[in-house]
Amino acid sequence: ASDGLGWDGLDSDGSVRAGKPLDRFLHEQGAPPLAQRTPVLSVGSNASPAQIRRKMANAGLQAVVPITRVRVHGLVVGVSAHVSKPGYVPATPVAEPAAASDMWVLWLDPAALRAMDGTEPNYQRIRLSSRYPVRLRPGPLGLAVRGCSVYISRHGHLIDRGGKPRTLTDQATLIAGLLADVPALMTLAGTTPGEWIRRTRDEGVRDGIRAHFLAAGIVRQSGIDGGRDPRRG
């Protein structure tokens, strides 16, 4: 893709699957090299090239954003304890020591990173510790991605009836499950996923849902061992 989006990873020698080294491609595009980019683990919608393209366009940027496949140890994709403006329940990473998850990394130049930070008011970007190794795919022994950051929800994550982190599914299944597990939500958010989406256009309803999550005792903090928030200097 001419905009650098949608590549499915680097080969073990650091080249794009099409056969051209990524840094050479970035140079030809007049874009910053990998050494000037921050690797950011994408969870949920940020793994979508269309979503990244939209966010960059909204910031007035024509950024080249390579996306590579990775395997991450110690993290799973969980569910944030809040509702987004469009009414969806978004993703957040959660610590799970025995887990190995296939995810994606965005390679963001400084301007793209600032733009991305501006789209994530409900999240804190932290630098992952070495407890969560990130390696390029394919292959079980891919190159390590060092200095990787990730956005974690400021609201915590949801757990299921067994106390385990609730895992991200399609929204209809996720919302139906929440309504079944927390019946008090039905008065506020309706009895179906469609009604939930319509009602949560109201900020007061979204705030009320967060309060019900807390009252039901199904909210936990991510447990991710990370460094400082890079945005705070």
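This text goes with the structure placed above it.
Residues numbered from 1 in each chain as written. Predicted model: local features only at pLDDT ≥ 70, side-chain atom pairs only at ≥ 80, totals over all residues. Heavy atoms only, no water.

J.: What is the right way to look at the environment of Arg 161 in this model?
T.: Mapped onto the elements of the fold, Arg 161 is located in the loop between strand 7 (157-158) and helix 4 (171-181). Spatially, the C-alpha atom of Arg 161 lies 8.2 Å from that of Ile 218, the residues being 57 residues apart in sequence. Residues in contact with Arg 161, not counting those within four places in the same chain, are Ala 180 and Asp 181. Engagement of the side chain of Arg 161 in a polar contact is seen with the side chain of Asp 181, the distance being 2.7 Å. (Helix = DSSP H or I, 4+ residues; strand = E, 2+ residues; numbered from the N terminus. Contact = heavy atoms within 4.5 Å. Polar contact = N/O pair within 3.5 Å; in protein donor to acceptor, adjacent residues only side chain to side chain.)

J.: Would you mind going over the environment of Val 219 with me for this structure?
T.: Within the secondary structure, Val 219 sits in strand 8 (residues 219-220). For Val 219, the residues in contact, after removing those within four places along its chain, are Ala 81, His 155, Gly 156, His 157, Leu 158, Phe 213 and Leu 214.

J.: What exactly am I supposed to notice about helix 4 here?
T.: Owing to its 3.6 residues per turn, the α-helix brings residues three or four apart onto one side. For helix 4, the complete set of buried residues consists of Gln 171, Leu 174, Ile 175, Gly 177, Leu 178 and Leu 179. Residues of helix 4 that are buried in the fold lie against strand 2 (67-79), strand 7, helix 5 (185-189), helix 6 (193-199) and helix 7 (203-215). (Buried < 20%, exposed > 50% of the residue type's maximum accessible area, 1.4 Å probe, protein only.)

J.: Looking at this structure, how should I read the environment of Ala 216?
T.: By the element assignment, Ala 216 lies in the loop between helix 7 and strand 8. For the pair Ala 216 and Val 182, spaced 34 residues apart in sequence, the C-alpha to C-alpha distance is 7.0 Å.

J.: What exactly am I supposed to notice about the pairing of strand 6 (residues 149-153) here?
T.: Strand 6 sits mainly inside the fold: 5 of its 5 residues count as buried. The side-chain alternation of strand 6 yields two buried faces, one formed by Ser 149, Tyr 151 and Ser 153 and the other by Val 150 and Ile 152. Two elements, strand 4 (residues 123-127) and strand 6, share 5 bridges in a ladder whose sense is antiparallel. Residue pairing across strands places Arg 125 opposite Tyr 151, the latter belonging to strand 6. (Pairing = 2+ DSSP bridges.)

J.: Sorry if this is basic, but what is going on with helix 2 (residues 49-58) here?
T.: Along helix 2, the positions that sit buried rather than exposed are Gln 51, Ile 52, Lys 55 and Met 56. Mapping the buried residues of helix 2 onto a view down its axis gives an arc of 130°, with all of them on the same face. Turned more than 90 degrees off the buried face of helix 2, the exposed positions are Ala 57 and Asn 58. Elements that come into contact with the buried residues of helix 2 comprise strand 3 (91-108) and helix 3 (110-118). Following helix 2 by one or two positions, Gly 60 has its phi on the positive side, about 75°. (Arc of directions from axis to C-beta.)

J.: I keep staring at the layout of surface pockets and nothing clicks. Help me out?
T.: One simple way to see leftover space: roll a probe sized like a water molecule over the atoms. Reported here for the largest pocket is a volume of approximately 820 Å³. What lines the largest pocket is a set of 32 residues, among which His 82, Ser 84, Thr 119, Glu 120 and Asn 122 lie closest to the centre. Of all the secondary structure elements, the ones that give two or more residues to the lining of the largest pocket are helix 2, strand 3 and helix 7. Partitioning the lining of the largest pocket into residue classes produces 13 nonpolar, 11 polar and 8 charged. (1 Å grid on protein atoms, 1.4 Å probe; cavity = no way out; pocket = protein on both sides within 12 Å on 5 of 7 lines; lining within 4 Å. Points joined across faces, edges and corners; volume = space filled by probe spheres on them. Nonpolar A, V, L, I, M, F, W, Y, C, P; charged D, E, K, R; others polar.)

Everything listed is a geometric property; what it means functionally is a separate question.
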